[in-house]
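# Geometric and topological summary
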Amino acid sequence: MMTQRTKFTVLQRLLHWTMAVCILAMLFIGVGMVSTIMPKYIPLLATHKTLGIVILVLALIRLGVRLYYGAPPLPEDLPEPMKLAAHLSHYAFYVLMIGMPLLGWAMLSAGAYPIVLYGGLRLPAILPQSDALHTLLWDAHFYLAFGFFALILMHVGAALFHLLVLRDGVFASMAPLPANADPAAGE
Amino acid sequence: MTDRPSSQATLAGLALIAATLAAGAAAFAYVGGWLSPHRLTPTKLVDALAPPSGPSLGHRRNHAKGICFTGVFNANGNGAELSRASAFAPGEYPALGRLNLGTANADAADATVRVRGMGLQITTPDGAVWRMAMIDPPMFPVATPEAFYELLRVPQSKKPDAMKDFAAAHPEFATFAAWAGSAPWTASYAEEPYHGLDAFILVDRSGAERVVRWSLLPQAQVVPITDDALAKLGPNYLEQEIVQRVAKAPQQWVMALTLANAGDSTSNPSVPWPEGRRVVEVGTLVVNKIEAERDGPCRDINFDPTILPDGIRVSDDPFLAARSSAYAKSYDLRTSEVKYYPYQQPAPAGSRP
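Residues numbered from 1 in each chain as written. Chains lettered and ligands numbered in written order. Predicted model: local features only at pLDDT ≥ 70, side-chain atom pairs only at ≥ 80, totals over all residues.

## Here's the deal with the overall build of chain A
Along chain A, the regular secondary structure elements total four helices and two strands. Mapped in sequence order, the helices and strands of chain A form the string α-α-α-β-β-α. The dimensions of chain A, computed from C-alpha atoms along their principal axes, are 55 × 30 × 30 Å. Relative to its full complement of 187 residues, chain A shows a buried share of 30%. Residue pairs in contact within chain A that sit at least 24 positions apart in sequence constitute 65% of those at least 6 positions apart. (Helix = DSSP H or I, 4+ residues; strand = E, 2+ residues; numbered from the N terminus. Buried ≥ 20, exposed ≤ 12 C-beta atoms within 10 Å, placed from the backbone. Contact = placed C-beta atoms within 7 Å.)

## Some thoughts on the overall build of chain B
Each helix and strand in chain B was counted, giving eight helices and 12 strands. Its C-alpha atoms give chain B principal-axis dimensions of about 90 × 55 × 45 Å. A buried classification covers 39% of the 353 residues belonging to chain B. Pairs at least 24 residues apart make up 75% of the contacts formed inside chain B by residues separated by at least 6 positions.

## Here's the deal with the pairing of strand 1 (residues 65-75) of chain B
For a regular strand, the rule is simple: side chains alternate between the two faces of the sheet. Residue and element names in this part refer to chain B. Counting buried residues in strand 1 gives eight out of 11 residues, a clear majority hidden from the surface. Here strand 1 pairs with strand 2 (residues 91-101) via 11 bridges, running antiparallel. Each residue of the ladder has a partner; that of N74, found in strand 2, is E92. Across nine bridges, the pairing between strand 1 and strand 11 (residues 279-292) is antiparallel. Following the sheet pairing, C68 is matched in strand 11 by E291. (Pairing = 2+ DSSP bridges.)

## Points about the interface of chain A and chain B
With 39 residues of chain A in contact, the opposing surface of chain B contributes 44 residues. Of all the secondary structure elements, the ones that give two or more residues to the side of chain A that touches chain B are helix 1 (10-33), helix 2 (41-69) and helix 4 (131-166) of chain A. Among the elements that take part in the side of chain A that touches chain B, helix 4 of chain A stands out by supplying 14 residues, more than any other. Here the side of chain A that touches chain B is built from residues that sort into 23 nonpolar, 11 polar and five charged. (Nonpolar A, V, L, I, M, F, W, Y, C, P; charged D, E, K, R; others polar.)

## A few points about the environment of F149(A)
Among the secondary structure elements, F149(A) is positioned in helix 4. We classify F149(A) as buried; it has 20 C-beta atoms within 10 Å. Taking the C-alpha atoms as reference points, F149(A) and G120(A), separated by 29 residues in sequence, lie 30 Å from one another. In this structure, F149(A) is in contact with L27(A) and F28(B), ignoring residues within four places of it in sequence.

## Overview of the pairing of strand 8 (residues 209-218) of chain B
Residues and elements named next belong to chain B. Where strand 6 (residues 194-195) lies against strand 8, two bridges are found, and the strand directions are antiparallel. Residue H195 lies in a different strand from strand 8, and its bridge partner there is S215. Summarising the sheet, strand 7 (residues 200-203) and strand 8 pair through four bridges and their orientation is antiparallel. The residue of strand 8 that forms the bridge with L202 is R210. Between strand 7 and the antiparallel strand that follows it, strand 8, lie five residues; G207 among them carries a positive phi value of about 95°. The pairing of strand 8 with strand 10 (residues 251-259) spans seven bridges and is classified as antiparallel. Bridge pairing in strand 10 links L216 to M255.

## Side note on helix 3 (residues 80-110) of chain A
Helical geometry: 3.6 residues make up each α-helical turn, so side chains three or four residues apart lie on a common side. All names here are of chain A. For helix 3, with 31 residues, the first-to-last C-alpha span of 43 Å sits near the 45 Å given by 1.5 Å per residue. At G99, helix 3 is deflected by roughly 30°, the largest bend along its length, and proline P101 occurs up to four residues later in sequence. Those residues of helix 3 that fall on the buried side of the exposure criterion are L96, M97, M100, P101, L103, G104, W105, A106, M107, L108, S109 and A110. Lining the buried residues of helix 3 we find helix 2, strand 1 (115-116), strand 2 (122-123) and helix 4. Count one or two residues on from helix 3 and you reach A112, which has phi positive near 60°. (Expected span 1.5 Å × (residues − 1). Bend = angle between axes of the 7 residues up to and from the residue.)

## A look at unusual backbone geometry
Of note, A112(A) is a non-glycine position whose phi angle comes to about 60°, a positive value. As for its position among the elements, A112(A) is in the loop between helix 3 and strand 1. The class of A112(A) is buried, set by 20 C-beta atoms lying within 10 Å. The backbone phi angle of H63(B) is positive, close to 50°, even though this residue is not glycine. By the secondary structure assignment, H63(B) is in the loop between helix 2 (42-49) and strand 1.

## Describing the confidence of the model for chain A
On average, residues of chain A score 92 in pLDDT, and 93% of them reach the 70 mark or higher. Low pLDDT, under 50, characterises residues 181-187 of chain A; the predicted model gives this stretch 16 contacts beyond four residues in sequence or across chains. (pLDDT = per-residue confidence, 0-100.)

This is the structure:
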């Protein structure tokens, strides 16, 4: 079977949609927890740390899967700037999916905080305590979170643009359900 | 491959996309509090602590004046029946802490500050970390974090009777005011008890849970003194005194757990539990070295009382989350302000240690 795939593999789609839920939850928990003093702060913080590590593990698996299976090609008639934007945004996603949990982990390490996840699992510090690093990492973690959310909005906008306006099968390539009703799937 | 829709369908699609993105952004803004200006955020709470002259940059936003100590926690094993936390197993565990004054002003004179505190960290060989932040009054001034925020804002009020109004609205404040007015002062950090005030839940090996509050009770002889007499000893006497005292002999506090009876409030640290509760002494904190905060080991530690080992967990006391979030904000701020409180800078002659 040398024909080019038009869709991501089931494993890739499963990872994509699982991580989509995790990452959105993560960003909402993040902005919610840093703006509250209510009792929910404590479970939100614990969830944020635990989910961050889950996302890191999933992102590394996903990177391996992506390198192994690759991605279906974009439609040939897609304008070059859109192709470029698609490629760059996907690099940005991988950088953020792997980088944000590492930044958070490093930030807590630089703050001399013990890092304890749900279930009592303790992670080692990956940096020594440092005021300067803590500040740098905190800023990076904070501002990149907004960048991440903006990227997700762009990604959702682009996906819906493919689905609703271009109708070119790009959305179907990562659709959560088998798109047997999709005339553009081309399978 | 492409199936171009009509321009009408394109417009509908674009409108749907715009609505989806707008809803997403609005939800994010709502959760982040940007649409809720009245939400009590850790930033507001921390800002409210600042004196009119502004915060002590580079320092903790409250309990800003303090000094580091190190020592050991000698657990006698009595706590092991109550909690599976490894710090209660018989043994000697490294302790690190900070004796401090309950003020936002890092340069406050000792006799101007009624409340003293202790931050403490106990680590066990399994890697568990237990942090505490305790104060010497046996009750917290108010019942809720919201009331504490109101209390902090009283001095900024333009109403002449703001304090009276506050006290009337928060009757629990009278208990604290009575303590502040009548409890003897001492001329030593070593002569003070330090109370956790918030309730915690101990979990034993069988999973059974018990609600406790803890205190560190001084083993030094308590010598009452008036605040006037303390003022005459100098603005930084407490730090000088503890340096000298510990240099002569280690100082000790017994850690006592008080178990709640059925019906005792677990969520309100302004209400001391009545006498007659079961008290279990679980060990002794031995302080054997004092170091100035500037380069001391306590400086970079956030004594967040929700950092707990397995076997201890938070109760429904709302101050625990409020303190955790505000302490984190204070830590984020002070670590970004290190240039105002640099390390290893020779102190000017005549300043406090």
